[in-house]
Amino acid sequence: MTETVHIRVETTFADIAADDWDRLSGASRADAQTPYNPFISHAFLSSLEESGCAVAETGWLGQHLLLEGDDGALLGALPAYLKNHSQGEYVFDHGWADAFERAGGRYYPKLQASIPFTPATGPRLLSRVGQPVLPTQTALAEGLKELAKRHGVSSAHVTFAPQDEMPVFEATGYLHRTDQQFHFINEGYGSHDDFLETLASRKRKALKKERRAALENGIEIDWLTGADLTESIWDQFFAFYLDTGSRKWGRPYLNREFYSLIGERMAEDILLVMAKRGGRYIAGAINFIGSDTLFGRHWGCVEDHPFLHFEVCYHQAIDFAIAKGLTRVEAGAQGEHKLARGYLPVTTHSAHYITHPGLRRAVAEYLERERRDVEMVGEYLAEHGPFRRGGDNNETE
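Summary of the structure given here. (Residues numbered from 1 in each chain as written. Predicted model: local features only at pLDDT ≥ 70, side-chain atom pairs only at ≥ 80, totals over all residues. Heavy atoms only, no water.)

### Side note on helix H4 (residues 133-151)
Item 1. Counted at 1.5 Å a residue, the expected span for H4 with its 19 residues is 27 Å, and the 27 Å between its end C-alpha atoms agrees.
Item 2. Looking at H4, one finds that the buried residues are Thr 136, Gln 137, Leu 140, Ala 141, Gly 143, Leu 144, Lys 145, Leu 147 and Ala 148.
Item 3. Count one or two residues on from H4 and you reach Gly 152, which has phi positive near 70°. (Helix = DSSP H or I, 4+ residues; strand = E, 2+ residues; numbered from the N terminus. Expected span 1.5 Å × (residues − 1). Buried < 20%, exposed > 50% of the residue type's maximum accessible area, 1.4 Å probe, protein only.)

Here is the structure:
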């Protein structure tokens, strides 16, 4: 960087100009180098804050790093939060917190650079389109460390970062952690049947049977996006979300206002897959549409039907990705059941700066073992996936 730059910290997206933010990598549709990621957009992040979902009262105090030039122009950014808990992150460090506090340390508060409640990989070290990337990323990674020291916190965590950002974090003193998700990779399929032809015959038959069974009892599927996303539709989907969320993790993270805000600000980036029976919607899943990826997020239902969850969340997402020419479906955290439905194990990455030397040593040793385990499990699962191998006889169905 030839110009003098400085980092400023903002606590809310209300004080960050949307036009400036959306010129950054990942948030910009005009960036040929970094695909558009809807979770990085000002519309999504500001909706989380404005709705009261990701605010200080819920344990998410904004600490967004803005890299600016002498003229005040936004050159780069890193969305981050000061947190007093580890909820809504999906990269689990509860064990680190417990061990440190048993030893007399204070783990919370901590800094968390992530998209709240969203286990989806996306750029974290954002640079303005046309700006030198590496110096910008390095300045932001160093800036997060400096902010951790200024606050006197135990640690700073950057979760679901893309693999190509990890060398920057490692070079600036962060520890590298890996985990695993299951993604569908679109190999240029012309239809869902083309995809099924790549599976072993037994798996192919099972999925066809599963899809037929899911739509028994007169169930139909609608894809809703853009102007289809009315307040009435959001009312129905929110009821699904509340029902499943309250049973699955106790208290859902998102509120009804959040859905109204994203429906108003980014409706073209949203796909609701809704299941209808007897003229009323009974289940649905929300997805977010990037320039090359469909991101599956929440699902819910008010009627239980065999295999409907798999149809609405996984099979329909594949159908949509193929129809729209998207290269990938990210179906959220965990879930080895996705493997049988054509979703392959993919490594995810996070970076962790630990300020206490003893805790840092312990975490570093743990992560070295964990990375080996993640790699071994990924290789095993990939070998036992549903895809056809040379021994498959491809018998007539």
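### With respect to the sheet that holds strand S2 (residues 60-62)
Item 1. Here we have 11 strands laid out as an open sheet, ordered S2-S5-S6-S8-S15-S9-S14-S13-S12-S11-S10, and mixed in their pairing. Since the sheet does not close on itself, it has two edges, and those belong to S2 and strand S10 (220-224), each with one partner. Each adjacent strand pair in this sheet contributes to an overall mean axis angle of 30°, direction not counted.
Item 2. Relative to strand S11 (residues 270-277), S10 runs antiparallel, the two sharing 5 bridges. Among the inter-strand pairings, Ile 221 is bridged to a residue of S11, identified as Ala 275. (Pairing = 2+ DSSP bridges. Axes fitted to C-alpha atoms, helices over the stretch in contact; angles between N-to-C directions.)

### Some details on the side chain of Ser 350
Item 1. Looking at the element boundaries, Ser 350 is found in strand S15 (residues 344-354).
Item 2. According to the relative accessible area criterion, Ser 350 is buried, its value standing at 2%.
Item 3. Among the polar contacts made by the side chain of Ser 350, one reaches the side chain of His 352 at a distance of 2.8 Å.
Item 4. Dropping the residues within four chain positions of it, Ser 350 is found in contact with Val 91, Val 158, Thr 159, Phe 160, Met 166, Leu 175, His 176 and Arg 177. (Polar contact = N/O pair within 3.5 Å; in protein donor to acceptor, adjacent residues only side chain to side chain. Contact = heavy atoms within 4.5 Å.)

### Considering the environment of Thr 355
Item 1. The residue Thr 355 is located in the loop between S15 and helix H11 (357-383) in this model.
Item 2. Each C-alpha atom, one on Thr 355 and one on Glu 49, is 28 Å from the other, the two residues being 306 residues apart in sequence.
Item 3. In this structure, Thr 355 is in contact with Val 153, Ser 154 and Ser 155, ignoring residues within four places of it in sequence.
Item 4. In this structure the side chain of Thr 355 is engaged in a polar contact, spanning 3.0 Å, whose partner is the backbone oxygen of Val 153.
Item 5. Within polar-contact distance, the side chain of Thr 355 engages the backbone oxygen of Ser 154 at 2.8 Å.

### Thoughts on the pairing of S11
A regular strand carries its side chains on alternate faces of the sheet.
Item 1. A large share of S11 lies buried, amounting to 6 of its 8 residues.
Item 2. Two strands pair when backbone bridges link them, and S11 and strand S12 (residues 280-289) are joined in this way by 8 bridges, in the antiparallel orientation. Considered in S12, the bridge of Arg 277 is made with Arg 280.

### Details of the sheet that holds strand S7 (residues 126-127)
Item 1. Reading across the sheet, the 4 strands line up as S1-S3-S4-S7 and stay open at both edges, with antiparallel pairing between neighbours. Strands at the two margins of the open sheet, each flanked by one partner only, are strand S1 (5-10) and S7.
Item 2. With 4 bridges connecting them, strand S3 (residues 64-69) and strand S4 (residues 74-78) associate as antiparallel partners. Bridge pairing in S4 places Glu 68 opposite Leu 74.
Item 3. In the packing of H4 onto the sheet, the strands contacted are S1, S3, S4 and S7, and the crossing angle to S3 comes to about 130°.

Purely geometric stuff here, so don't read any function into it on its own.
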